[in-house]
Amino acid sequence: MKQLTRAALLATALVLSACGGGDGDAGGSGEAAVTATGPADAQVVEVVSNDQIEFEPATVNAKVGTLTLTHRNGGSIPHNLVFDDKSLGGTETLTEGKEEALTLTFKEPGTYDFVCTIHSGQDGKVVVS
Ligand SMILES: [Cu+2]
């Protein structure tokens, strides 16, 4: 019984997150979009850097409001996560297994790009709607 309920909840969550996307199904490794959880003023999401020089997920869907984005280094080489928009800031360079949380306030919808300044081509974005 418990497992059935859990499966149903998971299915519901998948359907809900699919609504945020619009184009492109979640599928390619490192490219799947994830929707931040929680109410608009307390959204949370985790983004993991790996040894393939990718952010997972590379796309975070969020709502206007406040998002706590935790960047974790899930690989063995150092990474950081820095927003193009300087007012949003970024993390320190994180070594293997380390993490740092950024508290981000998004006042208007838009696409907010971030990069790892160490690795050219390692990038991602927060899509705020
Ligand atoms: Cu990196």
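Look above for the structure.
*Asks:* Please clarify how the sheet that holds strand E7 (residues 99–106) should be interpreted in this entry.
*Replies:* The pairing of strands in a sheet happens through backbone hydrogen bonds and is either parallel or antiparallel. An order of E3-E2-E5-E7 is seen for the 4 strands of this open sheet, with the pairing classed as mixed. In this open sheet, the two strands that pair with only one neighbour each are strand E3 (55–56) and E7.

*Asks:* I would appreciate a short explanation of unusual backbone geometry in the present structure.
*Replies:* Backbone torsion omega between glutamate 56 and proline 57 reads -5°, so that peptide bond is classified as cis. Relative to the helices and strands, proline 57 resides in the loop between E3 and strand E4 (59–62).

*Asks:* For this particular structure, what's the right way to read a negative patch on the surface?
*Replies:* A surface patch of like charges, here negative, comprises Asp84, Asp85, Asp113 and Asp123. You can see aspartate 85 is positioned in the loop between strand E6 (82–83) and E7.

*Asks:* Can you walk me through the sheet that holds strand E9 (residues 123–128) in this structure?
*Replies:* Judged by pairing direction, the sheet is mixed, and its 5 strands sit side by side in the order E1-E4-E9-E8-E6 without closing on themselves. Among the strands making up the open sheet, the edge pair consists of strand E1 (33–35) and E6. Inspection of the sheet shows E6 paired to strand E8 (residues 110–115) by 2 bridges, in the antiparallel sense. Within the sheet, the bridge partner assigned to valine 82 lies in E8 and is valine 115.

*Asks:* Just checking my understanding: could you explain the packing of aromatic side chains for this structure?
*Replies:* For any two aromatic rings, the description comes down to two numbers: the centre-to-centre distance and the angle of the planes. Under the defined criterion, the tally for this structure stands at 3 aromatic pairs. Consider the rings of phenylalanine 55 and phenylalanine 114, whose centres lie 5.0 Å apart with planes at 80°: the pair is edge-to-face. Here the residue phenylalanine 55 occupies a position in strand E3, and phenylalanine 114 occupies one in strand E8, the gap between them amounting to 59 residues. We classify phenylalanine 55 as buried; its relative accessible area is 1%. With relative accessibility at 0%, the residue phenylalanine 114 sits in the buried group.

*Asks:* Help me understand the environment of serine 76 in this model?
*Replies:* Tracing the backbone shows serine 76 in the loop between strand E5 (65–73) and E6. With 20 residues separating them in the primary sequence, serine 76 and glutamate 96 have C-alpha atoms 4.7 Å apart. When residues no more than four places from it in sequence are discounted, the contact partners of serine 76 are Asp51 and Glu96.

About the thresholds
- Within each chain, residue numbers correspond to sequence positions counted from 1 in written order.
- Only residues with pLDDT of at least 70 get local features here, since the model is predicted, and only at 80 or more are side-chain atom pairs given and counted; chain-wide, interface and lining totals rely on the full set of residues.
- Note that the side-chain values use all heavy atoms of the structure and ignore hydrogens as well as water.
- When DSSP locates at least two bridges between a pair of strands, those strands are taken to pair.
- Helix and strand definitions here come from DSSP, where helices need a minimum of 4 consecutive H or I residues and strands a minimum of 2 consecutive E residues; each element is numbered from the N-terminal end.
- Patch criteria: residues need more than 30% relative accessible area and no salt bridge. Like-charged residues are merged within 9 Å; nonpolar side chains of Val, Leu, Ile, Met, Phe, Trp and Tyr are merged within 5 Å.
- Computed with the Shrake-Rupley method and a 1.4 Å probe, the accessible areas treat only the protein chains shown as cover for residues.
- Any Lys or Arg side-chain nitrogen found within 4 Å of a carboxyl oxygen on Asp or Glu counts as a salt bridge.
- Under the convention used here, Asp and Glu are negative, Lys and Arg are positive, and both His and the chain ends fall outside the count.
- Charge placement uses NZ in Lys and CZ in Arg. For Asp and Glu, CG and CD serve respectively.
- Between rings of Phe, Tyr and Trp, where Trp is taken as its six-membered ring, a pair exists when centres lie within 6.5 Å; planes separated by under 30 degrees are stacked, by over 60 edge-to-face, and by other angles tilted.
- The buried label goes to any residue with under 20% of its type's maximum accessible area, the exposed label to any with over 50%, and the partly exposed label to all in between, with areas taken from a 1.4 Å probe on protein chains only.
- Only heavy atoms enter the contact rule, under which two residues are in contact if any of them lie within 4.5 Å.

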